[in-house]
Each structure stands twice: as C-alpha cells, then as structure tokens.
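The residues making up each chain are set out below.
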Amino acid sequence: MTDAVAQASALTAEVARAFRTRVLHECLPRIRHCVGLLTDAQVWHRPNPACNAIGNLLLHLEGNVRQWMLSGLGHGVDRRNRPAEFAADADDTEGPKQELIDRLDTTVRAAAALVDAATPQTLLATHPFQTGKFSDTGIAGVLHVMEHFSGHAYQIYDRTKQLTGRDLRFYDL
C-alpha cells in the first residue's frame, strides 16, 4: 500500500470515528437523557409560535440524517417531508417521546454504519443531496450532518434546562 493510500484510508477511518463519537456516542445519549427528563407534553411544548418543540427537533434531526446520509451518501430513496417535521404537534400520529427518540437512534446507527463502511473514494466522490437539489462530496455531507446535529442537540439541551431547571450532568452519563 502506498503512503498516499494509507493516509487516505487513515483519514477515512478518522472521519468515521469522529462521526460515531460526536453524533452516536455524545449527542444522541445526551438527547436521550434530556427526553427522559421530560413529559410528552414538555417534548411538544412550543415556547412561542416562532419556536419548535423538542418533538419537532427530534423529527427534524431524524429526517436530516436520513436524507443526507442514507439517501444522499447511501443513495437510498428519499421520502422526507421536511415541512411535516415542523408542523407536527402532540395531536399528530408521530408518537410519544420514546418512539421519536427510538426512530432517531435507529437512523443515526444506520448512518454511522454507512460512514464506517465508506471508502476514501466514497467520501471524495460527489453525491446528490436533498433529492438532487445540489451535489457535494461525501465528506461535506458527513460534516454537514455532524454540524447540523450538534446545533439542534444544543437547542434540545438548553430547552430541557429551561423546562426542568436542572443541571443535565452530561459528564455523569
């Protein structure tokens, strides 16, 4: 194996490790912890009409990861209905908080497996994202999902602190 090939393989493995660590092993357990501290009513509470409920953010994260990773990078079928993610409320059939977090968990695990299996060629190749609205490299898609997931995770953390008045004690998890 040439040095360049070895370096490309090492970089690909590091991208997969970082995705798994940040999204699957840090953000997801913290989100699960937050949702566990809340009632279903709190998960669907909107502080004002311009804000999303945590339930909407859970649906949105699941939709985004599925669309970008499983459909975009993995070239699966994209059935995402983004407006429905934000329109949903407690009266919809989206399910209780446990179903929402379990759906997110399943999608994140599938995305992590996809990134784990990626080759340097996969990460450097151009892929169609958001049903072909635009194209970018696989690594750009992975970085987008990591950044996007983290941003909304912090919204969930903050909203949970506001609703519960509790220290979330993430480093005790």
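Residues numbered from 1 in each chain as written. Predicted model: local features only at pLDDT ≥ 70, side-chain atom pairs only at ≥ 80, totals over all residues. Heavy atoms only, no water.

**Comments concerning unusual backbone geometry**
Right, so step 1: Phi angles above zero are rare outside glycine, and glutamine 130 is one such case at about 55°.
Right, so step 2: Looking at the element boundaries, glutamine 130 is found in the loop between strand S1 (126-129) and strand S2 (134-137).
Right, so step 3: Judged by relative accessible area, glutamine 130 falls into the partly exposed class, the value being 21%.
Right, so step 4: Even without being a glycine, threonine 131 presents a positive backbone phi close to 55°. (Helix = DSSP H or I, 4+ residues; strand = E, 2+ residues; numbered from the N terminus. Buried < 20%, exposed > 50% of the residue type's maximum accessible area, 1.4 Å probe, protein only.)

**Comments concerning the packing of aromatic side chains**
Right, so step 1: Following the criterion strictly, the structure yields 5 aromatic pairs and no others.
Right, so step 2: Taking the centre distance of 4.7 Å and the plane angle of 20° together, the rings of tryptophan 68 and phenylalanine 129 count as stacked. Taken together, the positions of tryptophan 68 in helix H3 (residues 54-73) and phenylalanine 129 in strand S1 put the pair 61 residues apart, joining distant regions of the chain.
Right, so step 3: Tryptophan 68 sits in the buried class, given a relative accessible area of 5%.
Right, so step 4: Three or more aromatic residues link up through ring pairs in this structure, and these residues are Trp68, Phe129 and Phe134.
Right, so step 5: Between arginine 30 and the ring centre of tyrosine 171, over which it is positioned, the NZ or CZ distance is 5.3 Å. (Phe/Tyr/Trp six-rings, centres within 6.5 Å; stacked < 30°, edge-to-face > 60°. Lys NZ or Arg CZ within 6 Å of the ring centre and 35° of its normal.)

**Section: H3**
Right, so step 1: Relative to the 28 Å expected for 20 residues at 1.5 Å per residue, H3 spans 27 Å between its end C-alpha atoms, a close match to the ideal helical length.
Right, so step 2: The largest bend in H3 is about 30°, located at arginine 66.
Right, so step 3: The buried fraction of H3 amounts to 18 of the 20 residues, a majority that puts the element mostly inside the structure.
Right, so step 4: Where H3 terminates, the next one or two residues include histidine 75, which has phi positive at roughly 60°. (Expected span 1.5 Å × (residues − 1). Bend = angle between axes of the 7 residues up to and from the residue.)

**Remarks on helix H5 (residues 97-117)**
Right, so step 1: Between its terminal C-alpha atoms H5 stretches 30 Å, which fits the 30 Å expected from 21 residues at 1.5 Å a residue.
Right, so step 2: All buried positions along H5 are accounted for by Lys97, Leu100, Ile101, Leu104, Asp105, Thr107, Val108, Ala111, Ala112 and Val115.
Right, so step 3: Structurally, H5 contributes buried residues whose contacts are with helix H1 (3-37), helix H2 (40-43), H3 and helix H7 (138-164). (Contact = heavy atoms within 4.5 Å.)

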